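Architecture and fold: a report
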Amino acid sequence: MNWLLSTLGIILAILIVSIALYLLTARRYQSSDSVANSYDEWTDDGILEYYWGEHIHLGHYGSPPTNKDFLAAKYDFVHEMVRWGGLDKLPAGTTVLDVGCGIGGSSRILAAEYNFDVTGVTISPQQVKRATELTPEGVSAKFLVDDAMALSFPDGSFDVVWSIEAGPHMPDKAVFARELMRVVKPGGILVVADWNQRDDRQTPLNFWEKPVMQQLLDQWSHPAFSSIEGFSELLQATGFVEGEVITADWTKETLPSWFDTIWQGIVKPQGWMRFGLRGFIKSVREVPTILLMRLAFGTGLCRFGMFKAVRGNSTSRSADVSSEVAQV
């Protein structure tokens, strides 16, 4: 009985500490520097890589979802995205830009297993350093510091532009959409996977959804989430898209990732010991945000959006997108 009370006391204390840290140390978006600094810190200390592996994105658990190893699900996500985008039909040597590449997990798969020539870009210098360290010789993947809001590549530079879960960090979704499409070659393909908010033009956020969404923005340096419908419209509005933007909702396929993220910390307590008290506190601090993410995606407040667009031969750009459209 005493052991049980002690255990419950420890759990309660951890919960109180995590909530206090959560509320007192929000990482609100201030500029691209705040995003870069956050990822630099996570990369330097190694905690995120220890628990999430080389892929700083959700996993794909099948349709319908099945029990799957957390890291295997992330690996499977990349292959599912390749198939969904039709990239498995492209020849060796296809040039790919991975926007928001993290520490290069997806880039290495695209290079090593599909024989693509991959360039990964991230705003975090430490992620570029770590991605380069993790990439074996002979794998055609290189990594650069670059800003997705002002990519340094000329128009029409890549056969494929690929991006996973980078959009919420972008302060102007219209500019982000335009930059992604701008660097795709005519006839090339854009494939994006992203966290999205429900389209509040159709169903406004209610009394509890507004504070939840605000926390999801404040805690992980997100200026705003777009909706699947809204970002599709922004891609179309660039004037680069041939035909229609194809979308899909992978919320169900990726939903188990959130609880699996917490489970990793439970089944791998050696990670807490490896990174000391600071690592333990930093990990526990993320639990409320992860639970809110699970709540948001589980109730339809957030959705996991997939986007595919083919660039047409026209090089014309659309007129300025209105501020109303830019926020969707």
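It should be noted that the structure appears before, not after, this text.
Throughout what follows, the structure given in this document is the object of discussion. These numbers were taken from a predicted model, which means no experiment stands behind them. (Residues numbered from 1 in each chain as written. Predicted model: local features only at pLDDT ≥ 70, side-chain atom pairs only at ≥ 80, totals over all residues. Heavy atoms only, no water.)

**Some words on the overall build of the protein chain**
- The helix and strand tally for the protein chain stands at 15 helices and 7 strands.
- A buried classification covers 52% of the 328 residues belonging to the protein chain.
- When contacts within the protein chain are restricted to residue pairs at least 6 apart in sequence, long-range pairs at least 24 apart make up 78% of them.
- As displayed, the protein chain has an accessible area near 14,700 Å², and 59% of this comes from carbon and sulfur atoms. (Helix = DSSP H or I, 4+ residues; strand = E, 2+ residues; numbered from the N terminus. Buried < 20%, exposed > 50% of the residue type's maximum accessible area, 1.4 Å probe, protein only. Contact = heavy atoms within 4.5 Å. Areas by Shrake-Rupley, 256 points an atom, 1.4 Å probe, with all protein chains shown as cover.)

**A closer look at the side chain of Thr95**
- With respect to the element layout, Thr95 can be found in strand E1 (residues 95-99).
- Thr95 has contacts with Asp117, Ser157, Phe158, Asp159, Val160 and Lys185, leaving out every residue within four places of it along the chain.

**Remarks on the nonpolar core**
- Residues Trp162, Trp195, Trp258 and Phe304 are the most contacted members of the largest nonpolar core, which totals 54 residues.
- Looking at this core element by element, the count peaks at 6 residues for helix H4 (residues 70-85).
- When near neighbours in sequence (up to four residues on either side) are disregarded, Trp195 contacts Leu58, Glu165, Pro168, Trp220, His222, Phe225, Trp258, Met293, Phe297, Arg303 and Phe304.
- Counting 30 residues, the second-largest nonpolar core is a separate cluster that includes Phe153, Val161, Leu180 and Val192. (Core = buried A, V, L, I, M, F, W, Y, C linked by side-chain atoms within 4.5 Å.)

**Structural notes on the pattern of salt bridges**
- Within this structure, the stated rule accounts for 16 salt bridges.
- Residue Asp199 is joined to Arg201 by a salt bridge in which the shortest nitrogen-to-oxygen separation is 2.9 Å.
- The buried category is assigned to Asp199, whose relative accessible area is 6%.
- The closest approach of N and O atoms between Arg303 and Glu229, which form a salt bridge, is 3.0 Å. With Arg303 in strand E7 (residues 302-311) and Glu229 in helix H9 (residues 228-237), this residue pair connects regions lying 74 residues apart in the sequence. (Salt bridge = Lys/Arg side-chain N within 4 Å of Asp/Glu carboxyl O.)

**Focus on the packing of aromatic side chains**
- Following the criterion strictly, the structure yields 13 aromatic pairs and no others.
- Their ring planes at 80° and their centres at 5.5 Å tell us that Phe77 and Trp250 sit as a pair that is edge-to-face. With Phe77 in helix H4 and Trp250 in the loop between strand E6 (241-249) and helix H10 (251-254), this pair connects stretches of sequence that are 173 residues apart.
- Under the relative-accessibility criterion, Phe77 is labelled buried at 0%.
- Look at Phe231 and Phe307: their rings are 5.2 Å apart centre to centre, the planes differ by 80°, and that puts the pair in the edge-to-face class. Taken together, the residues Phe231 in helix H9 and Phe307 in strand E7 connect sequence positions 76 residues apart.
- Among the aromatic side chains, those forming a connected cluster through ring pairs are Phe77, Trp84, Trp250 and Phe304.
- The cationic tip of Lys268 hangs over the ring face of Tyr50; the distance from NZ or CZ to the ring centre is 6.0 Å. (Phe/Tyr/Trp six-rings, centres within 6.5 Å; stacked < 30°, edge-to-face > 60°. Lys NZ or Arg CZ within 6 Å of the ring centre and 35° of its normal.)

**Quick notes on the sheet that holds E1**
- An order of E3-E2-E1-E4-E5-E7-E6 is seen for the 7 strands of this open sheet, with the pairing classed as mixed. Looking at which strands have only one partner, the edges of the open sheet turn out to be strand E3 (141-145) and E6. Neighbouring strand axes in the sheet, compared pairwise and without regard to direction, differ in orientation by 15° on average.
- Pairing of E1 with strand E4 (residues 158-164) involves 4 bridges; the strand directions are parallel. Of the residues in E4, the one forming a bridge with Val96 is Val160. (Pairing = 2+ DSSP bridges. Axes fitted to C-alpha atoms, helices over the stretch in contact; angles between N-to-C directions.)

On their own, these measurements won't tell you what the molecule is for.
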